[in-house]
Amino acid sequence: MSASAEYLQSCRETVDKLSTSQLPAIEAAADIIAERVAAGGIIFTFGTGHSHELAEEVAYRAGGVVPVSPILEPSLTGSTEVGKSEFLERLEGFAPHILDYHNVRKQDVLIIISNSGRNGVPVEMAVEAHRRGIPVIALTSLAYSRQVSSRAASGQKLYELADVVIDNCAPHGDAVVKLPGVPQPVGPLSTVGGAAAMHALMVGVAERLVGKMDPVPVFWSGNLDGVTEKNYEMMGPYRARIRFW
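None of the values given here were measured: they were computed from a predicted structure.

**Q** Run through the overall build of the protein chain, naming residues and quoting values.
**A** Scanning the protein chain for helices and strands turns up 10 helices and 7 strands. Over its C-alpha atoms the protein chain spans a radius of gyration of 18 Å, differing by no more than 12% from the 18 Å that the globule rule assigns to 245 residues. Seen along its three principal axes, the alpha-carbon backbone of the protein chain occupies a region of about 55 × 45 × 35 Å. Split into buried and exposed, the 245 residues of the protein chain put 49% on the buried side. By sequence separation, contacts in the protein chain at least 24 residues apart represent 77% of the contacts at least 6 residues apart.

In structure tokens, the structure reads:
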């Protein structure tokens, strides 16, 4: 088997693990989120480094739930200076200001994505959200997080602080394919498992909103003919609170 084939096989196995082991957590998280959305709340998503990609993945997306507001703090995402984000995601005292700036309220819900779950800002975001009465859903690798120490001043890790924890089923160190003469494995799995989990979660939220909201706030693909006005209409009630738009 080639290295590429081995990686794709690992991707299939990761999604299989999600479906067999994480469905109860995904369903529990969908219950919390749908309740908040039906009552007028917003789904805020947050991740540092590469995890910000998953925070953005479910925002303004074809077939996605409308009231999703990704918190994309430029200094933490690595979109332009990935080295800087690696330093700043360990910074204490940042999280309260981020939540204030994005106007995250008690009626909202926060999804925090962090593969290792060990760095200061994601951990502090969970602590601060709970202090404000905001429920926290964590998407993390339990295999990874349980084998590393916390970098947060509290000594805690993300999975220890969340109301619901969804395991992305990625391994310790993330990458899985070993090549001869290369000490570091290649082929990370956290994005594959994380994206599958996030979309499964949003599908579950949409399912629970049937009968509670009319219309159910879901986007059409922007590249279909004749849907632009429909999407803008869907966005209307949420425009004042979602900075992504």
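Alright, that's what it looks like, and here's the rest.
**Q** Quick rundown of the environment of Glu-56? Include the residues and the values.
**A** Relative to the helices and strands, Glu-56 resides in helix H3 (residues 52–57). Under the relative-accessibility criterion, Glu-56 is labelled partly exposed at 32%. Separated by 10 residues in sequence, Glu-56 and Phe-46 have C-alpha atoms that sit 8.3 Å apart. For Glu-56, the residues in contact, after removing those within four places along its chain, are Pro-70, Leu-72 and Phe-244.

**Q** Go over the pattern of salt bridges with me, naming the residues and quoting the values.
**A** Within this structure, the stated rule accounts for 8 salt bridges. Among the salt bridges present, the one from Arg-61 reaches Glu-57, with a minimum N-O distance of 2.3 Å. With its nearest N and O atoms 3.6 Å apart, the salt bridge here joins Glu-207 to Arg-208. Look at Glu-207 and you get exposed, because its relative accessible area is 55%. By relative accessible area, which is 17% here, Arg-208 ends up buried.

**Q** So what's going on with the side chain of Ser-10? Which residues, and what values?
**A** Of note, Ser-10 is situated in helix H1 (residues 3–21). Excluding residues that lie within four positions of it along the chain, Ser-10 makes contacts with Val-176 and Leu-189.

**Q** Before we move on, can you summarise the side chain of Ser-69 with the specific residues and values?
**A** Structurally, Ser-69 is set in strand S2 (residues 68–71). If sequence neighbours within four positions are ignored, Ser-69 has contacts with Ile-42, Ile-43, Phe-44, Thr-45, Arg-241, Ile-242 and Arg-243.

**Q** Give a detailed account of the packing of aromatic side chains, specifying residues and quantitative values.
**A** What the rule picks out here adds up to 1 aromatic pair. Judged by centre distance (5.0 Å) and plane angle (80°), the rings of Tyr-60 and Phe-219 are edge-to-face. In this pair, Tyr-60 sits in the loop between H3 and S2 while Phe-219 sits in the loop between helix H9 (190–209) and helix H10 (228–235), placing the two residues 159 residues apart along the sequence. Overall, Tyr-60 belongs to the partly exposed group, its relative accessible area being 42%.

**Q** Would you mind going over unusual backbone geometry in detail, with residue names and values included?
**A** For the peptide bond that leads from Asp-214 to Pro-215, omega is 5°, which places it in the cis range. Relative to the helices and strands, Pro-215 resides in the loop between H9 and H10. Notably, Tyr-60 is not glycine yet its phi reads approximately 50°, a positive angle. Residue Asp-174 is not a glycine yet carries a positive backbone phi of 80°. Relative to the assigned elements, Asp-174 resides in the loop between strand S5 (164–167) and strand S6 (175–177).

**Q** Give me the nonpolar core: which residues, what numbers.
**A** Counting 61 residues, the largest nonpolar core has Ile-33, Ile-43, Leu-110, Ile-111, Met-125 and Ile-166 as the members making the most contacts within it. Excluding residues within four positions of it along the chain, Ile-166 makes contact with Gln-22, Ala-25, Ile-26, Ala-29, Ile-137, Ala-138, Leu-139, Thr-140, Ala-197 and Leu-201.

**Q** Just give me the short version of a nonpolar patch on the surface, but keep the residues and values in it.
**A** Together, Leu-179, Val-182 and Val-186 give the surface a local cluster of nonpolar side chains, amounting to about 190 Å² of exposed area. If you trace the backbone, Leu-179 turns up in the loop between S6 and strand S7 (186–188).

**Q** Please give an account of H10 that cites residues and values.
**A** By the burial criterion, the buried members of H10 are Asn-231, Met-234 and Met-235. When H10 is viewed along its axis, its buried side chains cluster within an angular range of 100° and face the same direction. Turned more than 90 degrees away from the buried face of H10 sit Glu-229 and Glu-233, all of them exposed.

Cut-off values and rules
Residues numbered from 1 in each chain as written. Predicted model: local features only at pLDDT ≥ 70, side-chain atom pairs only at ≥ 80, totals over all residues. Heavy atoms only, no water. Helix = DSSP H or I, 4+ residues; strand = E, 2+ residues; numbered from the N terminus. Rg over C-alpha atoms; globule rule 2.2 N^0.38 Å. Buried < 20%, exposed > 50% of the residue type's maximum accessible area, 1.4 Å probe, protein only. Contact = heavy atoms within 4.5 Å. Salt bridge = Lys/Arg side-chain N within 4 Å of Asp/Glu carboxyl O. Phe/Tyr/Trp six-rings, centres within 6.5 Å; stacked < 30°, edge-to-face > 60°. Core = buried A, V, L, I, M, F, W, Y, C linked by side-chain atoms within 4.5 Å. Patch = residues over 30% accessible without salt bridge, like charges linked within 9 Å, V, L, I, M, F, W, Y side chains within 5 Å. Areas by Shrake-Rupley, 256 points an atom, 1.4 Å probe, with all protein chains shown as cover. Arc of directions from axis to C-beta.

By themselves, these observations are geometric and do not establish any function.
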